[in-house]
Amino acid sequence: MAIERTFSILKPDATRRNLTGAINAKFESQGLRIVAQKRIHMTTAQAEAFYGAHSARGFFRDLVTFMTSGPVVVQVLEGEGAILKNREIMGATNPANADAGTIRKEFAESIEANSVHGSDSPEAAAAEIAYFFAGTELVG
């Protein structure tokens, strides 16, 4: 597998409970490096644009409200097969279906407040990284 980069968000439920270090330790212990990171409080406009693909879905407004309810940590992870590896470390979206040892099984409060977001494809990773980071902010 090739070295690749993926995008990750530690959601408001995780930052509220001071889980940033514990979650990042899971990424790092499984071979992913954090090459860019910042703590932000997403605006409504940022969240609406970022999740725009879901704008017609019933959960969109609740998602935007949740993602703007507190600070998040946006970051870029790098490593062998980083996109798939990140998704494996995160676990299933529904924490009830997530495997033991995954972030969502250990830390999620609900399907919505599931502590983390991760890109699902190389195209999504590139777009999501570019949405929050300038190329000069990625330090490998």
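Cut-offs applied
Residues numbered from 1 in each chain as written. Predicted model: local features only at pLDDT ≥ 70, side-chain atom pairs only at ≥ 80, totals over all residues. Heavy atoms only, no water. Salt bridge = Lys/Arg side-chain N within 4 Å of Asp/Glu carboxyl O. Helix = DSSP H or I, 4+ residues; strand = E, 2+ residues; numbered from the N terminus. Buried < 20%, exposed > 50% of the residue type's maximum accessible area, 1.4 Å probe, protein only. Pairing = 2+ DSSP bridges. Axes fitted to C-alpha atoms, helices over the stretch in contact; angles between N-to-C directions. Core = buried A, V, L, I, M, F, W, Y, C linked by side-chain atoms within 4.5 Å. Contact = heavy atoms within 4.5 Å.

S.K.: Is there a simple way to explain the pattern of salt bridges in this structure?
M.R.: Note on pairing: side chains with opposite charge can pair once their charged atoms come close. Applying the stated rule across the entire model yields eight salt bridges. Across the salt bridge formed by glutamate 78 and arginine 5, the nearest N and O atoms sit 2.8 Å from each other. Taken as a pair, glutamate 78 in strand β3 (residues 72-80) and arginine 5 in strand β1 (residues 3-10) lie far apart in primary sequence, 73 residues in all. On the accessibility criterion, arginine 5 (28% relative accessible area) is partly exposed. We note a salt bridge from arginine 16 to glutamate 109, for which the minimum N-O separation is 2.8 Å. Here arginine 16 is found in helix α1 (residues 12-16), whereas its partner glutamate 109 is found in the loop between α6 (103-107) and β4 (116-118), with 93 residues between them in sequence.

S.K.: Looking at this structure, I do not really get the sheet that holds β3. What am I missing?
M.R.: With antiparallel pairing, four strands are arranged side by side in an open sheet as β2-β3-β1-β4. Strands with a single pairing partner mark the edges of an open sheet, and in this sheet they are β2 (33-40) and β4. On average, each strand axis in the sheet is tilted by 20° relative to the strand beside it, whichever way the strands run. Relative to β3, β2 runs antiparallel, the two sharing seven bridges.

S.K.: Help me out: how do you make sense of the nonpolar core in this one?
M.R.: Buried together is how nonpolar side chains tend to be arranged in soluble globular proteins. Ranked by size, the top nonpolar core spans 21 residues in total, and within it Phe7, Ile9, Met42, Met67, Val74 and Phe132 carry the most contacts. Elements represented by at least two residues in this core include exactly β1, β2, α3 (44-50), α4 (60-67), β3 and α7 (122-132). Counting residues per element, this core draws most heavily on α4, which supplies five residues. Not counting the four nearest positions on each side in its chain, phenylalanine 7 is found in contact with Phe50, Val74, Gln75, Asn86, His117, Gly118, Ser119, Ala125, Glu128, Ile129, Phe132 and Phe133.

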